[in-house]
Structure formats: C-alpha cells, structure tokens
Amino acid sequence: MGINILAMGSYVPEQKLLNDDFKKFIDTNDEWIRTRTGITERPMAGWEPAWYMGAEAAKKAIERAGIDPADIGLIIAATITSDFLTPSMACVIQREIGAVNAAAFDVNAACTGFIYALDTARRFMQTDDSMKYVLVVAAEALSRFLDFSDRTTSILFGDGAAAAIVEPSDKLYASHLASDGTGAHFLCARSLNVAPEVKTETEFDDGFPKKPLHKLAQDGKEVYKFATKALPRSFDIISEKTGITKDEIDWFIPHQANIRIIETAAKHFGVSMDKFIITLDHYGNTSSGSIPLALNEAIEKGIVKRGQKLALIGFGAGLTYGGIVLEY
Ligand code: UT7
C-alpha cells in the first residue's frame, strides 16, 4: 500500500536574517556563508510560536485538499522545537484546526522528522482501514535554540512549517528509516530537564558538548561526514530492496542543510544537480521543515507534477537518516 499526497501547505515567517545581518553578532561574512553552505537568507520566527506556524500550514493543506477536518484520523507533528513539553504540538494543532476525530502525537527525529512522520502515517493507514486522511505536519522555530555567538551553527538554521494531507493509495511507495545513536552527541540541544550536576558541569561528564541549556551544539565536521554518507545511503537501500533506480526518479528532495552535502550526493548517484530541489538558499536549514517546505514550494511552482517519482532523503540529529520513494 502507498500513499497519495492530496495537498500541502506551508507557513514561513516574514521576518528574515540575511547573511550580512550576522556581522552584528559574529565575525563572519556573506561570501563565507554562501560558499561554505549555499545559504543566503533564512526566515526567523518573530512572535510566532512553532505550533502556530504548524497550524497555519495545516489549515492551508486542508483547504487545498478540500476535506473536512473531522475526517482526519491522525495528526503527526514532526518537531524538535515544540513550544510545550506537554501537550504535544500535534494536540495543539488539533485544537486549532478542529480535527475532532483524530489521534495526535509528535515525532522527534530531528531533520529526518518529516520522513519518519510520513512513513509512520503510511504504517497507520496500512493497519487501520478506517483511517481516511492523516495530517503530517513539520514545524520548527530553531532560532529560539540558537547560540547567536556561535558562528559555526547560528548561520545555518531557519524557521518555518509545512504540512501534508495524505490518504491511502496504491501508488508506488518504498521507505527506509535508520539511526546511528553512536553519534548522538554530535548534534544536540539539552532540555531544561537535567540533573544539577550537568548544569554545573563539575561532576558529571556524559560525553555531550558543554553548551548552555536549550542551545544547539554540533560537531560540524562529524555531522558533515555522516551526512555525505547517510544522504545517499537510504536511497541506495530502497533501490536495492525494490529495484527502483536513480534514473527512474524525477526529483530528489534532500534535507536542506548544506549545498556541498547535496552536491556530494548528486555526484554519488551520478545525476545532475538539476534533478535536486534546492531551497536552502532562501530557507536555510529548517530541520524537519526542510523537506516538506522544499516539496511544497516545488509543487506550488509547478516543478513537481502529478505522476512523477520523488525521492525524499534526509539525515539529522540522532543521528537519524532515512528516505521515501513515492509517486506524487
Ligand atoms: O541538519 C544537520 C545540521 N548540521 C549540519 O548540516 C552541519 C554539517 N556541517 C557543515 O555544514 C559544515 O561543517 C559547516 C558549515 C558547519 C562548517 O563548514 P566547514 O567547511 O566544515 O568549515 P570549518 O569548520 O572547517 O571551518 C573553516 C574555517 C575555520 O577557521 P580556521 O580555523 O580555518 O581559521 C572556522 O573557524 O572557517 C571558520 N568559520 C567561519 N568563518 C566565517 C566557521 N564558521 C564561520 C563563519 N564565518 N560562519
């Protein structure tokens, strides 16, 4: 059983940070950021909570799908920047959109979050005939977790949300989800819920970087190394399992972290960069939002068309990675 993406929607904050704006806080410049990452600007949430962005994206997707929110059987929200420890972001979005008959929960798989959530949606639909529609939404306000004095991380991320209404179908679908927890400490943000020993950093060394609570820390080089292997790996595994080849894929929609990582994947596959949807130049890395924002934009622009085969491939903190091949 596959899925049909009935409709999508997005919400992107109006406020944005240009590369040059970072010069106010750190020693950097537009040329370094553009050549090392491919990013030129990124949206930054102002007053908007992450759930608000997710709910707005969901409302747009529901309107475009032309469905009654009461027919949504499940809401899965992918996020690592939820406004609440509890309730889940999915429940808050449910309140906003009036999906009164839905079950709701969040998925935390970092930048691979949308892929994990979409694949979970498909598995739910596969085992429950009564599930007519699932809302999969990815929403992130990364800017609230950034240390703006750290030039190696703060320049990378942006805020935004995208949502998809999916239904069961017999279209092509194959997936692979994976994780390598041995690299958990390479990309992380501590919650506020830590033992005092961790706060004072005196007696307890858990191997994770010492960064202020709630601020994103990463070993950029380790994540980069992992990413260049993980990004193509999921597609290769799907390809081996199903026989679907790279030449059959109309569009690769990768996690939008760094253009050089995507170029390495393109080289690995031996396919032109023209087959990759790129939005990181104007969105930056929006974590779980990155793949659905890219897909939504490509649909809105008429680049991705019905009947085309898509490969969604991602990686992120965890270190998670995964891919989905589907027909749009
Ligand atoms: O969703 C996953 C999220 N994480 C990632 O995707 C991270 C993956 N990693 C990367 O994208 C890259 O490793 C970075 C973009 C983070 C860094 O790029 P790099 O080419 O690996 O640079 P580097 O760390 O080797 O640094 C090269 C130089 C260093 O200076 P020195 O030591 O050679 O004098 C850095 O201090 O560039 C310096 N540098 C900067 N200079 C200007 C690092 N950040 C900046 C900056 N502006 N923002």
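In what follows, the structure referred to is the one given above.
These figures come from a predicted structure and were not determined experimentally.

Criteria and thresholds
- Throughout, a residue's number is its position along its own chain's written sequence, starting from 1.
- Confidence filtering applies because this is a predicted model: local features only for residues at pLDDT of at least 70, side-chain atom pairs given and counted only at 80 or more, and all residues used for totals across whole chains, interfaces and linings.
- Remark: hydrogens and water are excluded; side-chain values derive from all non-hydrogen atoms of the structure.
- Strands are runs of DSSP state E lasting at least 2 residues, helices are runs of H or I lasting at least 4, and numbering of each runs from the N terminus.
- Taken over C-alpha atoms, the radius of gyration is set against a globule rule of 2.2 Å times the number of residues to the power 0.38.
- Exposed residues in this analysis have more than 50% of their type's maximum accessible area, buried residues have under 20%, and partly exposed residues fall in between, with area computed by a 1.4 Å probe over protein chains only.
- For the charge count, each Lys or Arg is scored as positive and each Asp or Glu as negative, with His and the chain ends excluded.
- A single reference atom marks each charge: NZ on Lys, CZ on Arg, CG on Asp, CD on Glu.
- By convention in this text, a residue qualifies as near a molecule or strand provided that one of its non-hydrogen atoms is within 4 Å of it.
- Polar contacts here mean pairs of N or O atoms no more than 3.5 Å apart (in protein, one a potential hydrogen donor and the other a potential acceptor; neighbouring residues in sequence count only if both atoms are side-chain atoms).
- Using a 1.4 Å probe, the Shrake-Rupley method yields the accessible areas, and only the shown protein chains count as cover for residues.
- A pocket, in this scheme, is an open set of points on a 1 Å grid over the protein atoms alone with protein on both sides within 12 Å along at least 5 of 7 lines, while a cavity is a set where a 1.4 Å probe fits but cannot get out; residues line either one if an atom lies within 4 Å of a point.
- In this description, a molecule resides in a pocket or cavity if more than half of its atoms sit within 2 Å of the grid points defining it.
- Residues were grouped as follows: Ala, Val, Leu, Ile, Met, Phe, Trp, Tyr, Cys and Pro as nonpolar; Asp, Glu, Lys and Arg as charged; and all remaining residues, including Gly, as polar.
- Each domain's limits were defined by an automated method or a database of domain assignments.
- Just to be clear on terms, a salt bridge is a Lys or Arg side-chain nitrogen sitting within 4 Å of an Asp or Glu carboxyl oxygen.
- One requirement defines pairing of two strands: DSSP has to find at least two bridges between them.
- Axes here refer to lines fitted to C-alpha atoms; in helices the fit is confined to the stretch in contact. Angles between the N-to-C directions go from 0 to 180 degrees.
- Grouping buried Ala, Val, Leu, Ile, Met, Phe, Trp, Tyr and Cys residues that are joined through side-chain atoms within 4.5 Å yields what is termed a nonpolar core.
- By definition in these notes, contact holds between two residues if any of their heavy atoms fall within 4.5 Å.
- Grid points are joined across faces, edges and corners, and a volume is the space filled by probe spheres set on the points.

## Topic: the overall build of the protein
When helices and strands are tallied, the protein shows nine helices and 13 strands. Computed over its C-alpha atoms, the radius of gyration of the protein comes to 19 Å, within 12% of the 20 Å expected for a compact globule of 328 residues. Counting every position in the protein, which comprises 328 residues, the buried fraction comes to 56%. Positive and negative side-chain charges in the protein, numbering 34 and 43 respectively, have mean positions lying 3 Å apart.

## Comments concerning helix α9 (residues 290-300)
Within α9, nine of the 11 residues are buried, which leaves it mostly tucked inside the rest of the structure. Here α9 has its buried residues at Ser-290, Ile-291, Pro-292, Leu-293, Ala-294, Leu-295, Asn-296, Glu-297 and Ala-298.

## Structural notes on the site of the ligand
In the vicinity of the ligand, 22 residues are found, and the nearest of them are Thr-28, Arg-36, Lys-221, Asn-258 and Asn-285. Gly-220 has a polar backbone atom sitting 3.0 Å from a nitrogen atom of the ligand. At 2.4 Å, a side-chain N or O of Lys-221 approaches an oxygen atom of the ligand. Burial of the ligand by the protein amounts to 75% of the accessible area it has alone, namely 950 Å². Counting atoms within 2 Å of the grid points, the majority share of the ligand lands in the largest pocket. Secondary structure elements with two or more residues in the shell around the ligand: α1 (30-37) and α6 (220-242). Here the element with the most residues in the shell around the ligand is α6; it accounts for four residues. In the shell around the ligand, the residues fall into nine nonpolar, eight polar and five charged. When we break the shell around the ligand down by domain, the ones giving at least three residues each are domain 1 (2-169) and domain 2 (175-327).

## A look at the pattern of salt bridges
In this structure the tally under the stated criterion is 15 salt bridges. Arg-151 is paired through a salt bridge with Asp-27; the nearest N and O atoms lie 3.7 Å apart. Remark: Asp-27 occurs in the loop between β2 (16-18) and α1 and Arg-151 occurs in the loop between β6 (133-141) and β7 (159-169); sequence separation between them is 124 residues. Note on Arg-151: relative accessible area 46%, which makes it partly exposed.

## Observations concerning unusual backbone geometry
Here the residue pair Thr-86 and Pro-87 is connected by a cis peptide bond, since its omega of 5° sits within 30 degrees of zero. Topologically, Pro-87 is positioned in the loop between β4 (72-78) and α3 (89-97). For the bond from Gly-318 to Leu-319, the omega torsion is 0°, close enough to zero to count as cis. The topology assignment puts Leu-319 in the loop between β12 (309-316) and β13 (320-327). Even without a glycine there, the phi angle at Ala-110 is positive, about 55°. Within the secondary structure, Ala-110 is located in the loop between β5 (103-107) and α4 (113-127). In this model, Ser-287 sits at a positive phi of 50°, which is unusual for a non-glycine residue. Tracing the backbone through its elements, the reader meets Ser-287 in the loop between α8 (280-283) and α9. Looking at Ser-287, the relative accessible area reads 0%, which means it is buried.

## Let's talk about the sheet that holds β6
The five strands lie next to each other as β1-β7-β6-β4-β5, forming an open sheet whose pairing is mixed. Each edge of the open sheet carries a strand with a single partner, namely β1 (2-11) and β5. Taken over all neighbouring pairs, the strand axes of this sheet differ in orientation by 20° on average, direction set aside. Relative to β7, β1 runs antiparallel, the two being bridged by nine bridges. By the bridge assignment for β7, Met-8 is matched with Ala-164.

## Observations regarding the nonpolar core
Phe-235, Phe-252, Phe-276 and Phe-315 are the most contacted members of the largest nonpolar core, which has 42 residues in total. Elements supplying a minimum of two residues to this core: β8 (173-179), α6, α7 (259-269), β12 and β13. Here this core takes seven residues from α6, the largest share from any one element. In terms of domain composition, this core takes at least three residues from each of domain 1 (2-169) and domain 2 (175-327). Once residues lying within four places of it in the same chain are set aside, the contact partners of Phe-235 are Ile-244, Thr-245, Lys-246, Ile-249, Phe-252, Phe-269, Ala-311, Ile-313 and Val-325. Formed by 35 residues, the second largest nonpolar core is a distinct cluster that contains Ile-115, Val-136, Ile-291 and Leu-310.

## Quick notes on the layout of surface pockets
Taken as a whole, the largest pocket holds about 1,300 Å³ of empty space. Contributing to the lining of the largest pocket are 50 residues, with Phe-157, Leu-187, Cys-188, Leu-216 and Ala-317 lying nearest its centre. Each residue belonging to the lining of the largest pocket can be placed in one class, and the counts come to 26 nonpolar, 17 polar and seven charged. The two domains that each donate at least three residues to the lining of the largest pocket are domain 1 (2-169) and domain 2 (175-327).

Coordinates in, geometry out; function isn't part of it.
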